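Tertiary structure, described
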Amino acid sequence: ADLYVDVSSAEGWGLPPLEAVACGVPMITVADGLVRSEVHARYAIDMLKPVHYCRWHTGARLLLISPADVARAIKCARLKIEHGDYVDYSQEVMRDLKWSVAGDKFADLIVRAYNKI
């Protein structure tokens, strides 16, 4: 992929955007004030500000993003990528996000939970 754009209105753990940047793919995400703002902001090439908030039937906060803002962010990101501004940064991110460590911790958590059953 050339670019990962995360404009979902609600996100759980938020792993797909981090998986993308761990593979060296630039990522655009939403400034949600929660996981994406706290964790993803460190790795995002751009953060989109919601134009409206509402609630889903489960109580989850939904973020609505302007399509014009998404298009602008994609155009700006493409220019950065074409000029090579993201290459060094993506290599730094890939060194920072080591999925083998996360995978080992997750597998250990599952084994411990299974052993308690």
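Structure first, text after, so check above.
Everything quoted here is computed from the prediction, not taken from an experiment. (Residues numbered from 1 in each chain as written. Predicted model: local features only at pLDDT ≥ 70, side-chain atom pairs only at ≥ 80, totals over all residues. Heavy atoms only, no water.)

Things to note about the overall build of the protein
Under the convention used in this document: A run of H or I in DSSP becomes a helix once it reaches four residues, and a run of E becomes a strand once it reaches two; helices and strands are each numbered from the N terminus. A 1.4 Å probe rolled over the protein chains alone gives each residue an accessible area, and that area as a share of the maximum for its type sets the label: buried under 20%, exposed over 50%, partly exposed in between. Two residues qualify as a contact provided that any one of their heavy atoms is within 4.5 Å of a heavy atom in the partner residue. The Shrake-Rupley method, run with a 1.4 Å probe, gives the accessible areas here. Residue values count only the displayed protein chains as cover.
Within the protein one finds 5 helices and 5 strands. Mapped in sequence order, the helices and strands of the protein form the string β-α-β-α-β-β-β-α-α-α. In the protein, which comprises 117 residues, the proportion classed as buried is 28%. Contacts in the protein between residues far apart in sequence, at least 24 positions, make up 48% of those at least 6 positions apart. Approximately 7800 Å² of the protein is accessible, and the part contributed by carbon and sulfur atoms is 60%.

Looking at the pairing of strand β5 (residues 61-64)
In plain terms, the rule: Two strands make a pair as long as DSSP finds a minimum of two bridges between them.
In terms of strand pairing, strand β4 (residues 52-55) meets β5 through 4 bridges, oriented antiparallel. By the bridge assignment, H52 is partnered in β5 with L64. Turn length for the β4-β5 hairpin, with the two strands adjacent in sequence and antiparallel, is 5 residues, and the turn residue G59 shows positive phi of about 100 degrees.

Some words on the pairing of strand β2 (residues 27-30)
Covered by surrounding structure in β2 are M27 and T29 together with I28 and V30, the residues of both alternating faces. As defined by bridge partners, β2 adjoins strand β3 (residues 46-48) across 3 bridges and the pair is classed as parallel. Counterpart to T29 in the pairing with β3 is M47.

Describing the sheet that holds β3
Operational definition: Fitted lines through C-alpha atoms serve as axes, helices being fitted only where they are in contact, and the angles separating the N-to-C directions of these axes extend from 0 to 180 degrees.
With respect to topology, 3 strands assemble into an open sheet ordered β1-β2-β3, the strand pairing being parallel. Each edge of the sheet is formed by a strand with only one pairing partner; in this case those strands are β1 (4-5) and β3. Here helix α3 (residues 67-82) sits on the sheet in contact with β1, β2 and β3, set at roughly 175 degrees to β3.

Some remarks on the nonpolar core
Formally: Residue types Ala, Val, Leu, Ile, Met, Phe, Trp, Tyr and Cys, when buried and joined through side-chain atoms within 4.5 Å, form a set referred to as a nonpolar core.
The biggest cluster of nonpolar side chains holds 18 residues, and the ones touching the most others in it are V21, I28, Y43, L48 and L97. For this core, the elements supplying multiple residues, two or more each, are α1 (15-22), β2 and α3. Excluding its chain neighbours within four sequence positions, the residues that come into contact with L97 are L18, V21, A22 and Y43.

Things to note about a nonpolar patch on the surface
How we decide: Within the patch definition used here, like charges are joined within 9 Å and nonpolar side chains (Val, Leu, Ile, Met, Phe, Trp, Tyr) within 5 Å, considering only residues with over 30% relative accessible area and no salt bridge. Here a salt bridge means any side-chain nitrogen of Lys or Arg lying within 4 Å of a carboxyl oxygen belonging to Asp or Glu.
Where nonpolar side chains cluster on the molecular surface, the patch consists of L34, V35 and V39 and spans about 220 Å² of accessible area. By secondary structure assignment, the location of L34 is in the loop between β2 and α2 (35-38). A relative accessible area of 49% places L34 in the partly exposed class.

Concerning the pattern of salt bridges
Two side chains bearing opposite charge may form a pair once their charged atoms approach each other closely. Inspection of every chain in the model, using the stated rule, returns 3 salt bridges. Between R72 and D46 there is a salt bridge, with its nearest N and O atoms 3.5 Å apart. Of this pair, R72 sits in helix α3 while D46 is found in strand β3, placing the two residues 26 residues apart along the sequence. In this structure R72 comes out as partly exposed when scored by relative accessible area, which is 39%. Of the charged contacts in the structure, one is a salt bridge between D108 and R112, with a shortest N-O distance of 3.4 Å. Note that D108 and R112 are positioned in helix α5 (residues 99-116) at a spacing of 4 residues, about one turn of the helix.

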